[in-house]
Amino acid sequence: INLKVSSTGGNASSPLMYGLMFEDINHSGDGGIYAELINNRAFQGSRAFPSTLEPWVPVGNAVFALQNTSIPLSSALPTSINVAPGPLSSHAKIGLLNPGWWGIDVKPQKYTGSFWALGSYKGDFTVKLQSNLTDDVFASVEIPSSCQPGKWVEHKFELEPNLAASNINNTFVIEFEPGSGAVNFNLISLFPPTYKNRPNGNRPELMEALKALNPSFIRMPGGNNMSNETIGPLTQRPGRPGTWGYGNTDGLGLVEYLNWCTDLEVEPLLAVWAGMYLGSDADHILSAEALAPWVDDTLNELEFILGPVSTPYGALRASLGYPEPWALKYVEIGNEDNLYTNGSSTYAAYRFSMFYDAITAAYPNLKIISSTGDYTAVGGSGETATWTDFHTYSRPDTLVSMFDKFDHASREYKTLIGEYAIVQENLDGQLAGVNWDLPKFPQPVWIGAVSEAIWSIGAERNSDAVVGMSYAPGFQNLNSYNWSPDLISFTADVSQTVLSTSWHVINLFSNSRYTSTVPITSDSPLGPAYWVAGTSGEGKYTFKIAIYNATSSVPFNITFEGVAKGASGRLTVLSAPEGLSANMLDGEGVPTEVVAKREVELVAGSAGEFGFELENWEVAVFTT
Ligand code: AHR
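Below, the structure is looked at part by part. Within each chain, residues carry numbers counting from 1 in the order of the written sequence. Local features in a predicted model are, by the rule used here, given only for residues with pLDDT of at least 70; side-chain atom pairs are given and counted only at 80 or more, and totals for whole chains, interfaces and linings are based on all residues. Only hydrogens and water are set aside when side-chain values are computed; all heavy atoms of the structure are taken into account.

### Looking at the side chain of His 391
Phase 1 of the analysis: Along the chain, the position of His 391 falls in strand 19 (residues 387-394).
Phase 2 of the analysis: A polar contact of 2.6 Å, which involves the side chain of His 391, links it to the side chain of Glu 336.
Phase 3 of the analysis: Throughout this description, a polar contact denotes any pair of N or O atoms lying within 3.5 Å of each other; where both atoms belong to protein, one of them has to be capable of donating a hydrogen while the other can accept it, and for residues adjacent in sequence the pair is counted only when both atoms sit in side chains. Within the local environment of His 391, its side chain forms a polar contact with the side chain of Asp 389, the two groups lying 2.8 Å apart.
Phase 4 of the analysis: We call two residues contacting when some pair of their heavy atoms lies within 4.5 Å. Non-local contacts of His 391, meaning those with residues more than four positions away in its chain, are made with Arg 219, Asn 335, Glu 336, Gly 418 and Glu 419. Secondary structure elements are taken from DSSP: a helix is a run of H or I of four residues or more, a strand is a run of E of two residues or more, and numbering for both begins at the N terminus.

### Some details on the packing of helix 4 (residues 288-306) against helix 5 (residues 312-319)
Phase 1 of the analysis: Comment: axis = line fitted to C-alpha atoms, over the contacting stretch for helices; angle = value between 0 and 180 degrees taken between N-to-C directions. Direction vectors running N to C along helix 4 and helix 5 enclose 50°, while the axes themselves pass 7 Å from each other. Viewed along their axes, helix 4 and helix 5 adopt a mutual orientation that is oblique. In terms of crossing hand, the pair formed by helix 4 and helix 5 is right-handed. Two secondary-structure elements touch here, helix 4 through Asn 300, Glu 303, Phe 304, Ile 305 and Leu 306 and helix 5 through Pro 312, Tyr 313, Gly 314, Leu 316 and Arg 317.
Phase 2 of the analysis: Here the residues of the contact of helix 4 with helix 5 sort into six nonpolar, two polar and two charged. The labels follow the angle: roughly parallel below 35 degrees, roughly antiparallel above 145, roughly perpendicular from 65 to 115, and oblique for the rest. Handedness of a helix crossing follows the sense of rotation of the near helix relative to the far helix, less than a right angle counterclockwise being left-handed and clockwise being right-handed. Any residue outside Ala, Val, Leu, Ile, Met, Phe, Trp, Tyr, Cys, Pro, Asp, Glu, Lys and Arg is labelled polar, Gly included; the first ten of those are nonpolar and the last four are charged.

### Looking at the sheet that holds strand 9 (residues 137-144)
Phase 1 of the analysis: Pairs of strands are assigned from DSSP output, requiring at least two bridges between the strands. Overall, antiparallel pairing links the five strands, which are arranged 3-6-11-8-9 in an open sheet. The sheet is open, and its two edges are formed by strand 3 (57-59) and strand 9, each paired on a single side. Strand-to-strand twist across the sheet, computed as the mean angle between neighbouring axes with direction ignored, equals 20°.
Phase 2 of the analysis: Pairing of strand 8 (residues 124-131) with strand 9 involves seven bridges; the strand directions are antiparallel. Bridge assignment links Asp 124 to a residue of strand 9, and that residue is Pro 144.

### Looking at helix 3 (residues 254-264)
Phase 1 of the analysis: With ten of eleven residues buried, helix 3 is to be regarded as a mostly interior element.
Phase 2 of the analysis: We call a residue buried when its accessible area falls under 20% of the maximum for its residue type, exposed when it is over 50%, and partly exposed in between, using a 1.4 Å probe and counting protein chains only. The complete set of buried residues in helix 3 reads Leu 254, Val 255, Glu 256, Tyr 257, Leu 258, Asn 259, Trp 260, Cys 261, Asp 263 and Leu 264.
Phase 3 of the analysis: Against strand 2 (20-21), helix 1 (29-33), helix 2 (204-211), strand 13 (217-220), strand 16 (267-272) and helix 4 lie the buried residues of helix 3.
Phase 4 of the analysis: At the C-terminal side of helix 3, Glu 265 shows a positive phi close to 55°.

### Re the site of the ligand
Phase 1 of the analysis: Note on definitions. A residue lies near a molecule or strand when any single heavy atom of the residue is within 4 Å of it. Surrounding the ligand, one finds Glu 23, Ile 25, Gly 223, Asn 224, Trp 244, Asn 335, Glu 336, Tyr 393, Glu 419, Ala 472, Pro 473 and Trp 483.
Phase 2 of the analysis: With respect to the ligand, the side chain of Glu 336 contributes an N or O atom lying 2.7 Å from an oxygen atom.
Phase 3 of the analysis: Tyr 393 is positioned such that a nitrogen or oxygen atom in its side chain is 2.8 Å from an oxygen atom of the ligand.
Phase 4 of the analysis: Protein burial of the ligand: of its 290 Å² of free accessible surface, 94% is covered by the chains.
Phase 5 of the analysis: Of the residues that constitute the shell around the ligand, the class distribution is six nonpolar, three polar and three charged. For accessible areas, the Shrake-Rupley method is used with a probe of radius 1.4 Å. Any residue's cover is judged against the shown protein chains and nothing else.

### Some remarks on unusual backbone geometry
Phase 1 of the analysis: Between Met 220 and the following residue, Pro 221, the backbone shows a cis peptide bond with an omega angle of 5°.
Phase 2 of the analysis: Mapped onto the secondary structure, Pro 221 falls in the loop between strand 13 and strand 14 (240-241).
Phase 3 of the analysis: A cis amide bond links Ser 484 to the next residue, Pro 485, at an omega of -5°.
Phase 4 of the analysis: Secondary-structure assignment places Pro 485 in the loop between strand 22 (475-477) and strand 23 (488-490).
Phase 5 of the analysis: Positive phi values are uncommon outside glycine, yet Glu 265 reaches one of about 55°.
Phase 6 of the analysis: For Glu 265, the position within the fold is in the loop between helix 3 and strand 16.

### Description of the packing of aromatic side chains
Phase 1 of the analysis: Pairing of aromatic side chains here covers Phe, Tyr and the six-membered ring of Trp, requires ring centres within 6.5 Å, and sorts the geometry by plane angle: under 30 degrees stacked, over 60 edge-to-face, intermediate tilted. What the rule picks out here adds up to 40 aromatic pairs.
Phase 2 of the analysis: Pairing Tyr 257 with Trp 260 gives two aromatic rings, centres 5.9 Å apart and planes at 20°, and the pair type is stacked. With Tyr 257 and Trp 260 both in helix 3 and three residues apart, this pair spans about one turn of that helix. Here Tyr 257 and Trp 260 have matching classes, each one buried.
Phase 3 of the analysis: One aromatic cluster is present, built from ring pairs that chain together Phe 115, Tyr 121, Phe 125, Phe 157, Phe 172, Phe 176 and Phe 185.
Phase 4 of the analysis: Criterion for a charge above a ring: Lys NZ or Arg CZ within 6 Å of the ring centre, and within 35 degrees of the ring normal. A cation sits over an aromatic face here: Lys 405 above Phe 390, 4.4 Å from the ring centre.
Phase 5 of the analysis: We note Lys 405 situated over the ring of Phe 406; from NZ or CZ to the ring centre the distance is 5.6 Å.

### Section: the sheet that holds strand 25 (residues 516-517)
Phase 1 of the analysis: Pairing within the open sheet is antiparallel, and its six strands lie in the order 25-27-28-33-30-31. The strands lining the two open edges of the sheet, one partner per strand, are strand 25 and strand 31 (596-603).
Phase 2 of the analysis: Here strand 25 runs beside strand 27 (residues 529-535); their pairing, made up of two bridges, is antiparallel. Within the sheet, the bridge partner assigned to Ser 516 lies in strand 27 and is Thr 535.
Phase 3 of the analysis: Those strands touched by helix 8 (residues 446-461) are strand 25, strand 27, strand 28 (541-547), strand 30 (568-575) and strand 33 (619-623), and its axis lies near 140° from that of strand 28.
Phase 4 of the analysis: Along the sheet, helix 9 (residues 501-510) contacts strand 28, strand 30 and strand 33; its crossing angle with strand 33, the most-contacted strand, is approximately 15°.

### Side note on the nonpolar core
It is characteristic of soluble globular proteins that their nonpolar side chains tend to be buried jointly.
Phase 1 of the analysis: Membership of the largest hydrophobic core comes to 114 residues, with the highest contact counts inside it found for Trp 260 and Val 619.
Phase 2 of the analysis: For this core, the leading source of residues is helix 8, giving nine residues.
Phase 3 of the analysis: Sequence-distant contacts of Trp 260, that is, excluding residues within four places in its chain, are made with Phe 22, Ile 33, Asn 202, Met 207, Leu 210, Ile 218 and Leu 252.
Phase 4 of the analysis: Note on terminology: a nonpolar core comprises buried Ala, Val, Leu, Ile, Met, Phe, Trp, Tyr and Cys residues joined through side-chain atoms within 4.5 Å. With 33 residues, the next largest nonpolar core counts Ile 94, Tyr 111, Phe 176 and Val 183 among its residues.

Below you can see the structure in the form of structure tokens.
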């Protein structure tokens, strides 16, 4: 394949081209990136998920009861655990034990904890991190009780083990003397060190896995699982039924999401709920009347994020320690509102416009994104037009066949590819959609990642139409997940972060940005090799390629305008042994790595040409 790359004549590349999508699905928030180690720390309940004592275990002859005491910790957290001496009297300490979210990774580092207690206890509380299998106690501290009858009192502590535990089958324990009767506990919390030491922050190794993707934005908090009542002290967060089969504590709330963006240095792309529940049609759509308070709620949320301190919600933000507004530029109205017939029609008829009109009247500079994935519900055109969010879950052949989708897209609007992923195998050359009744891949596979690379190349070639893209979902808690495949898998063991095949492709492409696409003249059609070229200034080129279904090696001979004989370039190639290879945990629980990376330095020949060969199912970036 002979290619000539020009130095000018393309389109400016979108600065948002690669980003992240986060939704609390698969226990990716609670029990996941949100670093809280205590599972069911505040006995939060809802109609869907009533308060429970699970997974707390009594210590000694303690007897547990869930209680709504006459004096609650807060109206948001009315239920607490009553820990009382059991009927068999004993002088041994009693208490409560928590196994964490499928384990606790104990390391020689500082753990910061707290709990609220109600009772008349006057002795010491003993707080420990200990093994669940042996007598090993990794760290223990005595905390004098500050309990006062009739009043909830917070107790704070630190635990610092000297040694790492050999496995994650460890527990957190609070004990006390049984003599003075029962004690009620609530909001029992324990954090390891967090990314950038944020209080109430995120797991460092998972944040580093995201940072390595060089993302430009995070679309959050969904997806489907959007939330409210998530600001202020943790005592003021009631939690809520999540979309994905478990309750959400909402410890990971709006401020935490915005801090997350700050810490990763990415743009927040805030999704707001637009009146459609998941489910089939009519009963799941709010009427205009019922939707009005949600529009107000969104305006309050935006005032909290963007408003001056002279406004009520700006003042609330300042009172929480954030006098300066955040730099929010993008708001998406709803999620997949085209999913159902009534969803589509009501979105176009009133739901989109109710939000759009109210938001743009108050914040004319915000870029609004419609969630329909097509252009039917967006208003305006050109620079003032809303963007639209397109999602695709697909099979490799089908996604490759969509390579040129955006070649034909309207230039009046821009598209965000807010969710994409290969989730099922090819079907004998048929360009089939996903069959949602059949199993999906447990983890991303290599042929899927190659087809996603081609999809990304298609997006990059059209960066005047495609504003950016984010793989979804972002995380899979291997102990409990309801959606696969996912970009990054993990357990409570920080050494078990699995970076998927798709992660590797995004890592390569997102770290190989350029400022403008440039035209290419070719003597061969696209397929089985797919490419895009870009430049970041004189002599600085980036050329991305993916090979899909080639029957032999694919030789390239490329010249770049202005790059002469003797110039150097670097070829980085990703490959994997088989199309269905996947990164996962092996039998010993160690992350596997099927993606091989080779890097080759090349020198331009007498006509300034660079020559190299790629094999089937390879993904490569060449830079000069
Ligand atoms: O990413 C998983 C789910 O897929 C999201 O919640 C939803 O937007 C889509 O249907």
